[in-house]
Amino acid sequence: MAVARVAVVYYSRTGVTKTVAESLAEPLRSAGAPVDVYGVLPAEEYSRPLHFNPRLAYETLVRRGTDVKFEPEEPRLEEYDVVVVASPVWFNTLAPPVQEFLRRHRRGARSLVVITTSTLDVDCSRVSRVVEELYGSEPALCVNVRSAQVGDPAELRRISCDISRKIVNLAGGGRIPEAESS
Ligand SMILES: Cc1cc2nc3c(=O)[nH]c(=O)nc-3n(C[C@H](O)[C@H](O)[C@H](O)COP(=O)(O)O)c2cc1C
């Protein structure tokens, strides 16, 4: 069976989500799945202090989007079997560049996976509802990873392997190696 082509599209302001996005690529590639990683960023990055940045709050909660740019380029979703979108949780929702991306690519992916990172536990059914509003349908898989888990390399690898296995299963091909036990 042909292996899945996977796009990972992420925004990360302080590096946690970037670490998760990049750590997914390795087990997917070991399973033979070609993976392309893209950044979606605000045209103008949010300045610190982030919790007291009025534009950040406005674009997260009211505008629910922002002007975006891509690195290295905007992905062509139709080229992928699975599109993974990763975002920090801001004020209980997705960061504005990711909200913008989902709206801009409404129902554009064959299979959509959403990964969030947060400090506290997050209710993934709530995130799925936000995705449905913006994107037009719920994600096939929604996972939240706490930043403390990302800081533990063995835990991060376990989580990445687990998510990668589910991604490959979604597309119906490939095999993900078991996570090494710590
Ligand atoms: C403005 C702002 C709002 C946040 N809101 C939440 C929240 O509602 N719940 C939560 O658990 N963490 C919240 N966080 C913490 C981030 O979700 C967490 O640090 C995340 O992993 C950061 O990802 P990044 O390093 O990729 O930017 C917030 C952080 C910022 C800066």
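Residues numbered from 1 in each chain as written. Predicted model: local features only at pLDDT ≥ 70, side-chain atom pairs only at ≥ 80, totals over all residues. Heavy atoms only, no water.

**Q** Quick question: what am I supposed to make of the packing of helix α3 (residues 96-104) against helix α4 (residues 124-135) here?
**A** Between two packed helices, both the angle of their axes relative to each other and the distance between the axes serve to describe the pair. Running from amino to carboxyl end, α3 crosses α4 at an angle of 50 degrees, the nearest separation of the two axes being 7 Å. As the angle between them shows, α3 and α4 are arranged oblique. For the pair formed by α3 and α4, the contact residues are Q99, L102 and R103 on the first element and V131, L134 and Y135 on the second. (Axes fitted to C-alpha atoms, helices over the stretch in contact; angles between N-to-C directions. Helix = DSSP H or I, 4+ residues; strand = E, 2+ residues; numbered from the N terminus. Parallel < 35°, antiparallel > 145°, perpendicular 65-115°, else oblique. Contact = heavy atoms within 4.5 Å.)

**Q** Just to check I follow, could you spell out the site of the ligand for this structure?
**A** The full set close to the ligand counts 18 residues, and S12, T14, T17, V89 and T117 are the nearest of them. Separating an oxygen atom of the ligand from a backbone N or O atom of L120 is a distance of 2.8 Å. For the ligand, the protein covers 88% of the area, taking 650 Å² as the surface of the free molecule. Listing elements by their share of the shell around the ligand, those giving two or more residues are α1 (16-30), β4 (82-90) and β6 (112-118). Broken down by class, the residue content of the shell around the ligand amounts to eight nonpolar, nine polar and one charged. (Near = heavy atom within 4 Å. Polar contact = N/O pair within 3.5 Å; in protein donor to acceptor, adjacent residues only side chain to side chain. Areas by Shrake-Rupley, 256 points an atom, 1.4 Å probe, with all protein chains shown as cover. Nonpolar A, V, L, I, M, F, W, Y, C, P; charged D, E, K, R; others polar.)

**Q** Any chance you could explain the environment of L141 here in plain terms?
**A** Relative to the elements of secondary structure, L141 occurs in strand β7 (residues 141-146). C-alpha of L141 to C-alpha of V114: the two residues are 27 residues apart in sequence and 6.3 Å apart in space. Ignoring sequence-local partners within four residues, the contact set of L141 consists of L112, V113, V114, K166 and L170.

**Q** Explain the pattern of salt bridges here, please?
**A** Where side chains of opposite charge bring their charged atoms close, a pairing between them can arise. For the structure on display, the rule yields 17 salt bridges. Between R110 and D81 there is a salt bridge; the shortest N-O distance is 3.0 Å. A residue pair is termed long-range when its members are at least 10 positions apart, and R110 in the loop between α3 and β6 and D81 in the loop between β3 (68-71) and β4 qualify at 29 residues. Among the ionic pairs, D162 bridges to K166, the shortest N-O distance being 3.2 Å. Taken as a pair, D162 and K166 lie in helix α6 (residues 153-171) at a separation of four residues, close to a single helical turn. (Salt bridge = Lys/Arg side-chain N within 4 Å of Asp/Glu carboxyl O.)

**Q** In this structure, what is going on with the side chain of T93? I would like to understand it.
**A** Inspection of the secondary structure assignment puts T93 in strand β5 (residues 93-94). For T93, the residues in contact, after removing those within four places along its chain, are T60, L61, P88, Q99 and V130.

**Q** Quick question: what am I supposed to make of the pairing of β4 here?
**A** When a strand is regular, its side chains alternate between the sheet's two faces. Among the nine residues of β4, nine are classified as buried, and the element is accordingly described as predominantly covered. As judged from the five bridges shared by strand β1 (residues 6-10) and β4, these two strands associate in the parallel manner. Following the sheet pairing, V8 is matched in β4 by V84. The sheet contact formed by β4 and β6 spans six bridges and is parallel. Among the inter-strand pairings, V85 is bridged to a residue of β6, identified as V114. Where β4 and β5 come together, two bridges link them in antiparallel fashion. Bridging across to β5, W90 finds its partner in T93. Taking the residues between adjacent antiparallel strands as the criterion, β4 and β5 are bridged by two residues, where F91 takes a positive phi near 45 degrees. (Buried < 20%, exposed > 50% of the residue type's maximum accessible area, 1.4 Å probe, protein only. Pairing = 2+ DSSP bridges.)

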